[in-house]
Amino acid sequence: MRKIAVIGAGQAGLLAAHALHQNGYEVSLYSDKTADDFLTKTRPTGTAARFHMSLEFERELGLEHWGDVAPRGEGVHLHFCRKKGNVFLTLLGRLDDYYLAIDVRLQSATWMRELTERGCRVEIENITIDRLEEIAAENDLSIVAAGRGEIQQLFPRDEARSTYDRSQRFLAMVCVHGIPMNFDYAPYYRPVKFNFFAPHGECFWVPWYSMNAQQSWSLVFEAKDDGPFDRFRDVKSGQQALDRAREVVKDMTPWDYEWLKDAELCDENSWLVGSFLPQVRQVVGTLPSGRNVIALGDTAHSLDPIGGQGANNGNKMTRNLVECVLEREDQPFDADWMRGTFDRFWERHRYIDMFNNTLLEPLTDAGKIILVAQYGSTAEAGNDSPQQKIADAFVSNFNDPIELTEAFHDSDKARQVVKEAFGSSFWPVLRGGLGIAKAQLLQMLGRPGGHPGT
Ligand SMILES: Cc1cc2nc3c(=O)[nH]c(=O)nc-3n(C[C@H](O)[C@H](O)[C@H](O)COP(=O)(O)OP(=O)(O)OC[C@H]3O[C@@H](n4cnc5c(N)ncnc54)[C@H](O)[C@@H]3O)c2cc1C
């Protein structure tokens, strides 16, 4: 039986360990935390909302346990603002299948225990390079899924595939409960609530299931330097992060202040602040002995949280790696094979990185065509208008960014999307533009813009 080691008990490492074990490999998992540590001492590494394609992989492995109790996310509700105090447009889209954001601490604790019950070896150990040498010598393949932990430095940056050389946003995440699980302004569905402020950054609220079984919200703030979202740098506790979040919401997204004001922290560790560089790494890590190990998940490719893609990316990368391992049969897991597995993943899934970066950058001309044409979408049940079809297509792209990402960078493709929905690509943009202009005029007169879903 071929032996495989996995370093790291996050989303990617645990899925890899379970999948490989189920396919008959002798798997050893190395984690720097016990299952109990995840529940008592650890911060969640992110919100980790996962869409249908990613959840399907977890279901195949018998690991999706929370779909009946967690709040199901049904779409996206977007306010797009060009400046503070003015709403430029709204987009309300629905997904065909729901998404789930399960507290990754609950997942790691549960999936680690299940791995042991299913007969795998689980070692609690902080793996150093020296120890990795020993592990690599004992195993046919060693997979490093250690997130952005120090051991990530073993894998050089992939210059050709990396877009950024500095972090793009200062991030804050606060997970809260005790408030409604819907919004008064669109009570008929439960979306992730996105607020884009072109010059300043973004904030979004994701339905989240906490490790204490609370139906909750994960609030994420993405601040551009020195702007009005950039107020979390000195935060030292969860309560302080929540107080700051309330201030920012009152100031920037007052439509959500009443909804948020009585929120409570899920637990004292349910928050994060900081920043990191989104980048792609070469997946082959060469140890001093010359042995090679392969990177997986955030260790290989970390994305800014803006598009809710990091954990989805990890799931898709893990599925691809497991398929490549199975196809390899008895041949060696050498460096060329390792590179080839990531090339295959990238060929199919590079749109994830492209879509995520699209959301970090100013709206493209092609993107304007799509957003203006969809203006009027409501996400109400039974709405099958062309506007709704485009809004739904935008939201569906979060599940599989191959679908619409290129249309955000190519005006001909964007017009084609509009034409497919409306039968014409000129009048829908004009009509959407007129609706937006009317809302601007109303706001200039000091009245509500009257946007759909507000
Ligand atoms: C604010 C925020 C919001 C996010 N929202 C979303 C979202 O909505 N949707 C989405 O898809 N993604 C989202 N993400 C990204 C997502 O959370 C991550 O991509 C995902 O959790 C990474 O999983 P991982 O298994 O690769 O790494 P990790 O979760 O970091 O797991 C790695 C594990 O390895 C352990 N480890 C590290 N070093 C060692 C060592 N030397 N020895 C042993 N163990 C080690 C760590 O302690 C950790 O337990 C978000 C991220 C942030 C920051």
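Conventions adopted
- Residues numbered from 1 in each chain as written.
- Predicted model: local features only at pLDDT ≥ 70, side-chain atom pairs only at ≥ 80, totals over all residues.
- Helix = DSSP H or I, 4+ residues; strand = E, 2+ residues; numbered from the N terminus.
- Buried ≥ 20, exposed ≤ 12 C-beta atoms within 10 Å, placed from the backbone.
- Near = placed C-beta within 6 Å.
- Nonpolar A, V, L, I, M, F, W, Y, C, P; charged D, E, K, R; others polar.
- Domains from an automatic or database assignment.
- Pairing = 2+ DSSP bridges.
- Axes fitted to C-alpha atoms, helices over the stretch in contact; angles between N-to-C directions.
- Contact = placed C-beta atoms within 7 Å.
- Expected span 1.5 Å × (residues − 1).

Participant: Is there a simple way to explain the overall build of the protein in this structure?
Facilitator: Across its full length, the protein holds 13 helices and 17 strands. With respect to the three principal axes, the spread of C-alpha positions in the protein is 70 × 45 × 40 Å. Taking all 454 residues of the protein together, 50% fall into the buried category.

Participant: How should the site of the ligand be read in this particular structure?
Facilitator: Neighbouring residues of the ligand: 40 residues in total, closest Gly-10, Gly-46, Gly-147, Gly-297 and Gly-310. The element that contributes the greatest number of residues to the shell around the ligand is helix H8 (residues 310-328), accounting for 4 residues. A per-class count over the shell around the ligand returns 19 nonpolar, 17 polar and 4 charged. Per-domain counts for the shell around the ligand show at least three residues from each of domain 1 (3-53 + 104-163 + 279-358) and domain 2 (67-101 + 168-274).

Participant: What should I look at first to understand the sheet that holds strand E15 (residues 284-286) in this one?
Facilitator: Adjacent strands of a sheet pair through backbone hydrogen bonds, lying either parallel or antiparallel. Overall, mixed pairing links the 6 strands, which are arranged E6-E2-E1-E7-E16-E15 in an open sheet. Of all strands in the sheet, those with a lone pairing partner are strand E6 (121-124) and E15, marking the two edges. Recorded for the sheet is a direction-independent mean angle of 25 degrees between the axes of neighbouring strands.

Participant: What exactly am I supposed to notice about the environment of Gln-11 here?
Facilitator: Residue position: Gln-11 is located in helix H1 (residues 11-22). With 286 residues separating them along the chain, Gln-11 and Gly-297 place their C-alpha atoms 8.0 Å apart. Setting aside its immediate chain neighbours within four residues, Gln-11 contacts Ala-48, Val-104, Gln-107, Gly-297, Ala-311 and Gly-314.

Participant: Whenever I open this one, the environment of Asp-165 confuses me. Can you help?
Facilitator: Among the secondary structure elements, Asp-165 is positioned in the loop between strand E7 (141-144) and strand E8 (170-177). For the pair Asp-165 and Gln-279, spaced 114 residues apart in sequence, the C-alpha to C-alpha distance is 7.9 Å.

Participant: Just to check I follow, could you spell out the domain arrangement of the protein for this structure?
Facilitator: Where interface size is quoted, it is often the accessible area lost as the parts come together. Per the domain assignment, the segments making up the protein are domain 1 (3-53 + 104-163 + 279-358), domain 2 (67-101 + 168-274) and domain 3 (365-444). Computed over C-alpha atoms, the centres of domain 1 and domain 3 are 37 Å apart. Per element, the largest residue contribution to the side of domain 1 that touches domain 3 is 5 residues, and it comes from helix H9 (residues 335-360). Residue composition of the side of domain 1 that touches domain 3, grouped by class: 6 nonpolar, 4 polar and no charged.

Participant: Where do I start with helix H11 (residues 386-399) in this structure?
Facilitator: Under the 1.5 Å per step criterion, the end-to-end length of H11 is 21 Å for 14 residues, consistent within 8% with the ideal 20 Å. The buried fraction of H11 is high, at 10 of 14 residues. Looking at the buried side of H11, the elements it contacts are strand E4 (73-81), strand E5 (89-101), H9, helix H10 (365-373) and helix H12 (411-422).

Participant: Which parts of the structure should I look at to understand unusual backbone geometry?
Facilitator: With a phi close to 50 degrees, Glu-329 is a non-glycine residue in the positive phi region. Following the sequence through the fold, Glu-329 ends up in the loop between H8 and H9. Residue classification places Glu-329 among the exposed positions, given that 7 C-beta atoms sit within 10 Å. For Ala-379, which is not a glycine, the phi torsion comes out positive at approximately 65 degrees.

Participant: Explain the pairing of E7 to me, please; I cannot follow it from the model alone.
Facilitator: Working note: regular strand, side chains alternate between the two faces of the sheet. Because side chains alternate across E7, one face comprises the buried residues Leu-141 and Ile-143, and the other comprises Ser-142 and Val-144, equally buried. Across 4 bridges, the pairing between strand E1 (residues 3-7) and E7 is parallel. Paired with Ile-7 across the bridge in E7 is Val-144. Inspection of the sheet shows E7 paired to strand E16 (residues 292-295) by 2 bridges, in the parallel sense. When the sheet's bridge partners are listed, Val-144 is paired in E16 with Ala-295.

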